[in-house]
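Listed below are the residues making up each chain.
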Amino acid sequence: MKDKIKEIEEQINAAVSDIQTSKNLMEIKMKFLGKTGEISALMKNMRDVPAEERPSLGKILNALRQRAEERFASLEEKIKKAELKKRYAEEKIDVTLPGKDMPDGAYHPNTLVRQELISIFSGMGFEVFEGPEIENDYYNFTALNTPADHPARDMQDTFYLSPDLLLRTQTSAGQIRVMENKKPPIKILSPGKVYRSDDDATHSPMFSQMEGLVVDKGITLCDLKGMLDEFAKKIFGSGVKTRLRPSYFPFTEPSVEVDVSCFECGGKGCRLCKGTGWIEVLGAGMVNRRVLEGCGIDPDVYTGFAFGMGIERIAMLKYGINNMKLLFEGDVRFLKQFKG
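Since the structure is predicted, the reported quantities are computational estimates derived from the model, not experimental observations. (Residues numbered from 1 in each chain as written. Predicted model: local features only at pLDDT ≥ 70, side-chain atom pairs only at ≥ 80, totals over all residues. Heavy atoms only, no water.)

**Q** A description of the overall build of the chain should follow, citing residues and the corresponding values.
**A** For the chain, the count of helices and strands is 11 helices and 9 strands. In terms of C-alpha radius of gyration, the chain reaches 39 Å, well past the compact-globule figure of 20 Å for 340 residues. Once the C-alpha set of the chain is aligned to its principal axes, its extents read approximately 115 × 50 × 35 Å. The buried share of the chain, reckoned over its 340 residues, is 40%. Taking all contacts inside the chain whose residues are at least 6 apart in sequence as the whole, residues at least 24 apart take part in 66%. As presented, the chain carries roughly 19,700 Å² of accessible surface, and 52% of it is formed by carbon and sulfur atoms. The averaged location of the 50 negative side-chain charges in the chain is 6 Å from the averaged location of its 49 positive side-chain charges. (Helix = DSSP H or I, 4+ residues; strand = E, 2+ residues; numbered from the N terminus. Rg over C-alpha atoms; globule rule 2.2 N^0.38 Å. Buried < 20%, exposed > 50% of the residue type's maximum accessible area, 1.4 Å probe, protein only. Contact = heavy atoms within 4.5 Å. Areas by Shrake-Rupley, 256 points an atom, 1.4 Å probe, with all protein chains shown as cover. Lys, Arg positive; Asp, Glu negative; His and termini not counted. Charge placed at Lys NZ, Arg CZ, Asp CG, Glu CD.)

Shown next as structure tokens:
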């Protein structure tokens, strides 16, 4: 037993001479002082030692354990100081060095157009209302004069979450929520994300719309035309004109497509307007009587108009963007062109 104790002490002396890191120290410490370490094993073996030799051997073994613990503790403190000094040296910062230049960011073109549109229509007295992106079938279709068997549903490829819940295909659903809870006069702007199963250079499964609604006594198509004239001049330039073409939407009657005179060629004909001198920008019309009635508004007393536009389309026209996917890719080379 005495020889074994002497051998272990020699092993400790040899081991600690090569320790360089806290990890190595912990490994060696566990080897000798851990629950299954060699000194602990010797203490367990004391029961096999003759009774008359146990006191003296126990004293020697305890002394070895105490010397090992003191030596490891001293070495641990020394290594920690050395490692801390090394870490400080590696993390040292020269505060006299010049700072890194952090380039300014830029608003996304969608954000720029959205903010500009809200500013334009807020100046005309519109309030902003944002409805939920997950809608039920009633608000997205039925209340907008699009019952289950209506052919207009085929115009939109819808993402259904359940038989009654869907990702809204249009922000027009917001106008129903407003008309149900607010009496005329109503003048609201409803921007937000919409979803349709469509994907090519000019379409995306997710895009942004901005819906406008005005309901009051004596509202006519002339009011809609005048408001759109003002909108077109502010967003595309003072020389731009608008025209209305007959169209169809289930929630407006009459319905119109709205074109603006080409701001690139002044109406002479170019690639942007495909030689026509006009560019289609949005859809609009007078709110259908059935939609007003369904919201508890008397169509014999009140009339209204609604319009809806794609924010990405306005951004593409305004900034000359030829592929809609550029608006969703997050390419810094593209986005940095829109710095103020």
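**Q** So what's going on with the nonpolar core? Which residues, and what values?
**A** Nonpolar side chains tend toward joint burial in soluble globular proteins. In terms of nonpolar packing, the biggest core is built from 36 residues, with L117, F121, M227, F231, L282, F307 and M309 touching the most fellow members. Within the residue set of this core, elements represented by two or more residues are α5 (109-122), β5 (206-216), α8 (221-236), β7 (252-261), β8 (278-287), β9 (303-310) and α10 (311-319). With 7 residues, the single largest contributor to this core is α8. Apart from the residues within four sequence positions on either side, F307 is in contact with F121, F126, L189, M210, E211, G212, M227, L282, G283 and A284. With 21 residues, the next largest nonpolar core counts I19, M46, L57 and F72 among its residues. (Core = buried A, V, L, I, M, F, W, Y, C linked by side-chain atoms within 4.5 Å.)

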